[in-house]
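# Chain and residue survey
Chain by chain, the residues run as shown.
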Amino acid sequence: PILIAQGDADTTVFKPYTDQLQGELAGAGNQLTYKTYSGVGHGDVVVAAEPDALSFFRAQLPPRG
């Protein structure tokens, strides 16, 4: 499983390139979650995506026994 978090105001990693990557990964059969964050730039996407990332990672981990 892959999680991609993209700020739509990112001027370091441009959204059209991430869109292309997402399409290629999905087309190759990868299980993919792609989230975009409105008004978020490159340096702020980690903070903006934190709740989604934590939820994603928890869903991937085995249940605690």
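All right, on to the overall build of the protein chain then. The secondary structure content of the protein chain amounts to two helices and two strands. By principal-axis analysis of the C-alpha atoms, the protein chain measures approximately 45 × 30 × 15 Å. Across the 65 residues in the protein chain, those meeting the buried criterion constitute 18%. Expressed as a percentage of contacts within the protein chain between residues at least 6 apart in sequence, the contacts between residues at least 24 apart total 63%. Accessible surface for the protein chain amounts to roughly 4600 Å². Of this, 55% is attributable to carbon and sulfur atoms.

Another aspect to go through is the pattern of salt bridges. Considering all chains together, one arrives at two salt bridges under this definition. A salt bridge links lysine 15 to aspartate 19, with the shortest nitrogen-to-oxygen separation between them at 2.9 Å. Placement of the pair is lysine 15 and aspartate 19 together in helix α1 (residues 15-27), with a separation of four residues, close to one helical turn. On the basis of relative accessible area, aspartate 19 is assigned to the partly exposed category, the value being 29%. Lysine 35 is the partner of aspartate 52 in a salt bridge, and the nearest nitrogen-oxygen pair spans 3.9 Å. Highlighted residues: aspartate 52 in helix α2 (residues 45-60) and lysine 35 in strand β2 (residues 32-37), separated in sequence by 17 residues. The partly exposed category is assigned to lysine 35, whose relative accessible area is 32%.

The next point concerns the packing of aromatic side chains. Per the counting criterion, the structure on display carries two aromatic pairs. Arranged with centres 6.3 Å apart and planes meeting at 65 degrees, the rings of phenylalanine 14 and tyrosine 17 form a pair that is edge-to-face. Assessed through its relative accessible area of 40%, phenylalanine 14 is described here as partly exposed. Between the aromatic rings of phenylalanine 56 and phenylalanine 57, the centroid separation amounts to 5.6 Å while the plane-to-plane angle is 70 degrees, which identifies the pairing as edge-to-face. Phenylalanine 56 sits in the buried class, given a relative accessible area of 10%. Owing to a relative accessible area of 47%, phenylalanine 57 belongs among the partly exposed residues under this scheme.

Rules of the game
- Residues numbered from 1 in each chain as written.
- Predicted model: local features only at pLDDT ≥ 70, side-chain atom pairs only at ≥ 80, totals over all residues.
- Heavy atoms only, no water.
- Helix = DSSP H or I, 4+ residues; strand = E, 2+ residues; numbered from the N terminus.
- Buried < 20%, exposed > 50% of the residue type's maximum accessible area, 1.4 Å probe, protein only.
- Contact = heavy atoms within 4.5 Å.
- Areas by Shrake-Rupley, 256 points an atom, 1.4 Å probe, with all protein chains shown as cover.
- Salt bridge = Lys/Arg side-chain N within 4 Å of Asp/Glu carboxyl O.
- Phe/Tyr/Trp six-rings, centres within 6.5 Å; stacked < 30°, edge-to-face > 60°.

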